[in-house]
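# Residue-level structure breakdown
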Amino acid sequence: MEASVLLIRPLSAYIQQELSKRYILFKFWQEPPHLRREFLRKHSNSIRAVVANGAQGPDAEMIDLLPLLEIVASHSSGLDKIDLDKCRERGITVTYTPDALTDEVADMAILLTLATMRRICEADQYVRRSEWKNVDFKLTTKFSGKAVGIIGLGRIGSAIAKRAEAFGCSIGYHSRSQKPNSRYKYYTSVVDLASDSQILIIACALTHETRHIVNRDVIDALGKNGVVVNIARGSHIDEAELISALAEGRLGGAGLDVLENEPEAPTQLLGLDNVVLSPHVGASTVETRKVLADLVVQALDAHFSGKPLPTPVI
Ligand code: NAP
């Protein structure tokens, strides 16, 4: 009998089509939220796989409701929405999609940095409002040659560093460990990294240790001309502190692809003109969605045919 797979979010027509060809596909997002627990109970004797993503994954409650669950295939490199401890405890396999989205997310980090510093969203609105004739668009800030601090010199962090170097920027970083082959300056303290940086880019994994890794002390160290860019997870930043620093002019700007309570965006943040926002779309290109979908399908196919997994986590 075909295995049943629970797809939490739509992701792409392509992945739905490919999964439907091979498995019985349950589309979780189509269930009304108040009926989802009941839905899981109803199909608990058939669901053997869950496809998670960067924004939503199986928590302890979902895992408990699915006694036949064997594999969680994440359509992302971030694993913070999956209860990994619970998966370990239950012997559930977890796979993810590292590398495939690295370039896009690093591109997005540079895009948000430039958009924030050069105020490109405001510039666009200025032209559309026919204000160009006033010739009074305010001066913006140069990115090339600035000091960039990166929190998390992993796959995406390294790709950001490479891109920033091409802009003539100096690079410093903070990670759990110093990278022996890196020529970038290593900081054991995020505050020290922020003090020496003009742009601070967050690219680390979200864990208990990295929640609010950008707090008031870090923001103050970055200073009133500094810019924070976050392409990792919203909870890396103490958002209330970020908003007050931006509103009070203690921080220059922020470029945010992720928010603490996404998809909700705080009203105060929306009222600030020194912020550029995007709806967690760092990896959302046509090209990468296809590659991620193929990786997820390959992981499930390998699992259900007893072959080695291409990108295992557990
Ligand atoms: P990765 O290669 O595993 O890199 C993760 C980095 O986080 C490593 O450098 C690691 O440091 C660092 N880190 C982990 N715990 C830390 C701690 N306690 N303190 C400081 N640094 C710590 O992952 P990746 O592929 O680059 O992805 C990074 C993150 O980007 C993902 O976890 C995900 O949240 C996010 N992401 C966002 C999008 C988007 O659409 N915006 C898309 C994909 C991924 P060490 O090297 O020292 O271990």
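Bear in mind the structure is a predicted one, so any value in this text is a computation, not a measurement. (Residues numbered from 1 in each chain as written. Predicted model: local features only at pLDDT ≥ 70, side-chain atom pairs only at ≥ 80, totals over all residues. Heavy atoms only, no water.)

It is worth spelling out the site of the ligand at this point. For the ligand, the set of nearby residues contains 26 residues, the closest of which are Arg-155, Ile-156, Arg-176, Lys-179 and Ile-231. Between the ligand and the protein, one listed contact pairs an oxygen atom with a backbone N or O atom of Arg-155 at 2.9 Å. Coverage of the ligand by the protein chains reaches 88% of its 930 Å² of free accessible surface. The residue makeup of the shell around the ligand, split by class, is 10 nonpolar, 10 polar and 6 charged. (Near = heavy atom within 4 Å. Polar contact = N/O pair within 3.5 Å; in protein donor to acceptor, adjacent residues only side chain to side chain. Areas by Shrake-Rupley, 256 points an atom, 1.4 Å probe, with all protein chains shown as cover. Nonpolar A, V, L, I, M, F, W, Y, C, P; charged D, E, K, R; others polar.)

Our next topic: the sheet that holds strand S6 (residues 147-151). Taking strand neighbours across the sheet as the criterion, the 7 strands line up as S8-S7-S6-S9-S10-S11-S12 in an open arrangement whose pairing is parallel. The open sheet is flanked by strand S8 (185-186) and strand S12 (275-277), the only strands paired with a single partner. Across 2 bridges, strand S7 (residues 170-174) lies against S8 in parallel orientation. In the sheet register, Tyr-173 faces S8, and the bridge partner there is Tyr-186. Across the sheet, helix H7 (residues 155-166) is in contact with S6, S7 and strand S9 (199-202); its angle to S6 comes to roughly 175°. (Pairing = 2+ DSSP bridges. Helix = DSSP H or I, 4+ residues; strand = E, 2+ residues; numbered from the N terminus. Contact = heavy atoms within 4.5 Å. Axes fitted to C-alpha atoms, helices over the stretch in contact; angles between N-to-C directions.)

The next thing to look at is the domain arrangement of the chain. Examined at the domain level, the chain breaks down into domain 1 (4-98 + 286-304) and domain 2 (102-277). Each partner contributes residues to the interface: domain 1 has 10 residues there, and domain 2 has 6 residues. When domain 1 packs against domain 2, the two sides together hide about 550 Å² of surface, and 39% of this comes from carbon and sulfur. The largest share of the area that domain 1 buries against domain 2 comes from Asp-80, Pro-98 and Thr-288, three residues that together contribute 57% of it. Put simply, domain 1 and domain 2 have 1 salt bridge between them. The residue Asp-80 makes a salt bridge to Arg-233 at a minimum N-O spacing of 2.8 Å. Scanning the region where domain 1 abuts domain 2 turns up 4 residue pairs in polar contact (both at pLDDT 80 or more). Among the residues forming the side of domain 1 that touches domain 2, the class breakdown is 3 nonpolar, 5 polar and 2 charged. (Domains from an automatic or database assignment. Buried area = accessible area lost by both parts, 1.4 Å probe. Salt bridge = Lys/Arg side-chain N within 4 Å of Asp/Glu carboxyl O.)

Residues Phe-143, Val-148, Ile-150, Ile-160, Ile-171, Ile-199 and Ile-231 are the most contacted members of the largest nonpolar core, which totals 32 residues. Only helix H5 (102-117), S6, H7, S7, S9 and strand S10 (227-230) provide two or more residues apiece to this core. Examining the composition of this core, we find that 8 residues originate from one element, H5, more than from any other. Ignoring sequence-local partners within four residues, the contact set of Ile-160 consists of Ala-106, Ala-109, Ile-110, Ile-150, Ile-201, Ala-203 and Ile-231. Of all hydrophobic cores here, the second largest spans 27 residues; its members include Ala-194, Cys-204, Val-228 and Val-275. (Core = buried A, V, L, I, M, F, W, Y, C linked by side-chain atoms within 4.5 Å. Buried < 20%, exposed > 50% of the residue type's maximum accessible area, 1.4 Å probe, protein only.)

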